[in-house]
Amino acid sequence: MGKTNQRDLGGPEDRKMLVAAGAGYALLCEVIAGFSGGAAKTLAFYPLDTLTTWRETRHTGRSSELYRGCLLTVAGAAPYACIFHTAFWASRQALTGLPLAAREGLSGSCGALTAAVVWVPFECIKHRVQVAAPGCGTPRAALRTTLEREGVRGLYAGMRPTLVRNVPYNALHFGLFAAIQRLCRAFGLPGASAWAGAFAGALTALATTPIDLINTRIQVQGAMAGAPRYKGIADAVVRIVRG
């Protein structure tokens, strides 16, 4: 019989390739799942998002306008999911020595910080379309109007409040999710993931609602005549509290 080549049995290089392929497949599945979940959530709850934006900006609209900008948000979920989950996955691999809740929380923060570069322009245009700002009747018109009046910088209006909102939001959400899920499983409660998701989502939304209000107002102020002009987060906090 001839000698069997080590490569035929799966040498070190083959095993590395298999591990890399497996990791790439796992990341791809995570990105697809993240996009699918985000798109489904957007389609189901977008009217609530529009109503929130209207309330935050004191805008009034019609029921036929509740889905204004929805397709733009779904489209933005694709690049957001790619960047967020890639950064999240890479951070999670690099932080393997930390406790689960801390690792998930920090990974969520890294994902949010990285993905903000693509998400902020989408969210800025979405808010301007939702409130029907002048020249912003459609996403394309809103993009053109923003670039003509404010340049590329206008697309990144609200970058700081977005980071102040999204980084702690994702840190709390993923950290709380992992901790609550583990607690539910320890007590043998059924539907541990569902309970963890519900509690983590509710608590993080409650904690970040004030900065979401500030973010929305800063993103639309450049496109709406007569809207308050805030110099930054601190100025917005003071003026909103004073009424």
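Owing to the predicted nature of the structure, the values given are computational and were not obtained by experimental measurement. (Residues numbered from 1 in each chain as written. Predicted model: local features only at pLDDT ≥ 70, side-chain atom pairs only at ≥ 80, totals over all residues. Heavy atoms only, no water.)

Undergrad: Could you give an account of the overall build of the protein, naming the residues involved and the relevant values?
TA: Each helix and strand in the protein was counted, giving 8 helices and 0 strands. Each helix (α) and strand (β) of the protein, taken in turn from the N terminus, gives the series α-α-α-α-α-α-α-α. If the 26 positive side-chain charges of the protein are averaged to one point and the 13 negative ones to another, these points end up 6 Å apart. (Helix = DSSP H or I, 4+ residues; strand = E, 2+ residues; numbered from the N terminus. Lys, Arg positive; Asp, Glu negative; His and termini not counted. Charge placed at Lys NZ, Arg CZ, Asp CG, Glu CD.)

Undergrad: Got a sec to walk through the layout of surface pockets? Specific residues and values, please.
TA: Empty space within the largest pocket amounts to approximately 1,500 Å³. What lines the largest pocket is a set of 38 residues, among which Lys 41, Thr 42, Tyr 80, Trp 119 and Tyr 169 lie closest to the centre. Sorting the residues of the lining of the largest pocket by element identifies α1 (12–57), α2 (70–94), α3 (100–130), α6 (159–186) and α7 (192–221) as the ones contributing at least two each. A total of 14 residues in the lining of the largest pocket trace back to one element, the largest contributor, which is α1. Considered as a void within the structure, the second largest pocket measures approximately 360 Å³ in volume. In this structure, the second largest pocket is lined by 17 residues; those nearest its centre are Tyr 156, Ala 157, Gly 158, Ile 218 and Lys 231. Contributing elements (two or more residues each) for the lining of the second largest pocket: α5 (152–155), α6 and α7. Top contributing element to the lining of the second largest pocket by residue count: α6, with 3 residues. Across the lining of the second largest pocket, the residue classes break down as 7 nonpolar, 5 polar and 5 charged. (1 Å grid on protein atoms, 1.4 Å probe; cavity = no way out; pocket = protein on both sides within 12 Å on 5 of 7 lines; lining within 4 Å. Points joined across faces, edges and corners; volume = space filled by probe spheres on them. Nonpolar A, V, L, I, M, F, W, Y, C, P; charged D, E, K, R; others polar.)

Undergrad: Provide a residue-level description of the side chain of Gln 221, including the pertinent values.
TA: By secondary structure assignment, the location of Gln 221 is in helix α7. Among the polar contacts listed, one links the side chain of Gln 221 to the backbone nitrogen of Tyr 230, at a separation of 2.7 Å. (Polar contact = N/O pair within 3.5 Å; in protein donor to acceptor, adjacent residues only side chain to side chain.)

Undergrad: Account for the packing of aromatic side chains, naming residues and giving values.
TA: Each aromatic ring pair is summarised here by two numbers: the centre-to-centre distance and the angle between the ring planes. Taken as a whole, this structure holds 7 aromatic pairs when the rule is applied. Judged by centre distance (6.0 Å) and plane angle (20°), the rings of Tyr 46 and Tyr 67 are stacked. Of the two residues, Tyr 46 sits in helix α1 while Tyr 67 sits in the loop between α1 and α2, which places them 21 residues apart along the sequence. Ring geometry for Trp 195 versus Phe 199: centroids 6.0 Å apart, planes at 25°, classification stacked. Remark: Phe 199 and Trp 195 occur in helix α7; sequence separation between them is 4 residues, near one turn of the helix. In this structure Trp 195 comes out as partly exposed when scored by relative accessible area, which is 46%. (Phe/Tyr/Trp six-rings, centres within 6.5 Å; stacked < 30°, edge-to-face > 60°. Buried < 20%, exposed > 50% of the residue type's maximum accessible area, 1.4 Å probe, protein only.)

Undergrad: Can you lay out unusual backbone geometry for me, pointing to particular residues and giving the numbers?
TA: The residue Arg 58 is not glycine, and still its phi comes out positive at about 60°. Take Arg 58: it is sitting in the loop between α1 and α2. Judged by relative accessible area, Arg 58 falls into the exposed class, the value being 67%. Its identity as a non-glycine residue notwithstanding, Ala 132 has a phi of 50°, on the positive side. As for its placement among the helices and strands, Ala 132 is situated in the loop between α3 and α4 (139–150).

Distances and angles like these do not, on their own, reveal function.
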